[in-house]
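Here's the letter readout for the chains.
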Amino acid sequence: MFIGKVTGTVVASQKIPTVVGKKLLLVEAMTIKGEPPTLQSSGRVAVAVDTVGAGEGEMVIVTQGSSARLTDMTSNVPTDAVVVGIIDAIQAGEQELFNKEN
């Protein structure tokens, strides 16, 4: 799994039947760096199937690989990444790195 920020959506007019009706999100992978620790872009981007109703700008949890096909919505979908959660807060040690409310 990785922490990501939804940066957009992907629209494909031609796709296989098992992908029809699935919302595809563009997710930028994030990493924790520095001292004090901060949340920063890792430079990686993934297209992920949205299973939780995430929107642009939200921080999310993404599962990849064979585990991405274990949700109810993706069991028959050829996907390598799926959004499985919307993050409310991230804390490293005593420092809060992200809070959805702020």
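The preceding data block contains the structure.
First, a word on scope: everything that follows refers to the structure included in this document. If you're wondering where the values come from, they're calculated on a predicted model, not measured in any experiment.

**Quick notes on the pattern of salt bridges**
Pairs may arise between side chains of opposite charge once their charged atoms sit close together. The tally for this structure, following the rule as stated, stands at two salt bridges. Between K23 and D50 there is a salt bridge whose closest N-O contact spans 3.7 Å. Placement of K23 in the loop between β1 (2-10) and β2 (24-33) and of D50 in strand β3 (residues 38-50) is noted, with a sequence separation of 27 residues between them. Taking the relative accessible area as the measure of exposure, K23 reaches 38% and is therefore partly exposed. In this structure, E58 and K100 form a salt bridge, with 3.2 Å as the shortest nitrogen-oxygen distance. Of this pair, E58 sits in the loop between β3 and β4 (59-64) while K100 sits in the segment after β7 (95-99), and the two are 42 residues apart along the sequence.

**Quick word on the nonpolar core**
Of all hydrophobic cores here, the largest spans 12 residues; its members are F2, V6, L25, V27, A29, A46, A48, A54, V60, V62, A81 and V83. Listing elements by their share of this core, those giving two or more residues are β1, β2, β3, β4 and β5 (81-86). In contact with V62, other than residues within four places in its own chain, are M1, F2, V27, A48, A81, V82 and V83. Among the nonpolar cores identified, the runner-up in size contains six residues, and M30, M59, I90 and L97 belong to it.

**Concerning unusual backbone geometry**
Cis geometry marks the peptide bond from E35 to P36, where omega comes out at 5°. Along the chain, the position of P36 falls in the loop between β2 and β3.

**Notes on the pairing of β4**
Two strands pair when backbone bridges link them, and β1 and β4 are joined in this way by four bridges, in the antiparallel orientation. Counted as the bridge partner of G4 is V60 from β4. Sheet analysis places β4 next to β5, joined by five bridges and oriented antiparallel. In the sheet register, T63 faces β5, and the bridge partner there is V82.

About the cut-offs
- Residues numbered from 1 in each chain as written.
- Predicted model: local features only at pLDDT ≥ 70, side-chain atom pairs only at ≥ 80, totals over all residues.
- Heavy atoms only, no water.
- Salt bridge = Lys/Arg side-chain N within 4 Å of Asp/Glu carboxyl O.
- Helix = DSSP H or I, 4+ residues; strand = E, 2+ residues; numbered from the N terminus.
- Buried < 20%, exposed > 50% of the residue type's maximum accessible area, 1.4 Å probe, protein only.
- Core = buried A, V, L, I, M, F, W, Y, C linked by side-chain atoms within 4.5 Å.
- Contact = heavy atoms within 4.5 Å.
- Pairing = 2+ DSSP bridges.

The values reported here are purely geometric and, on their own, carry no functional implication.
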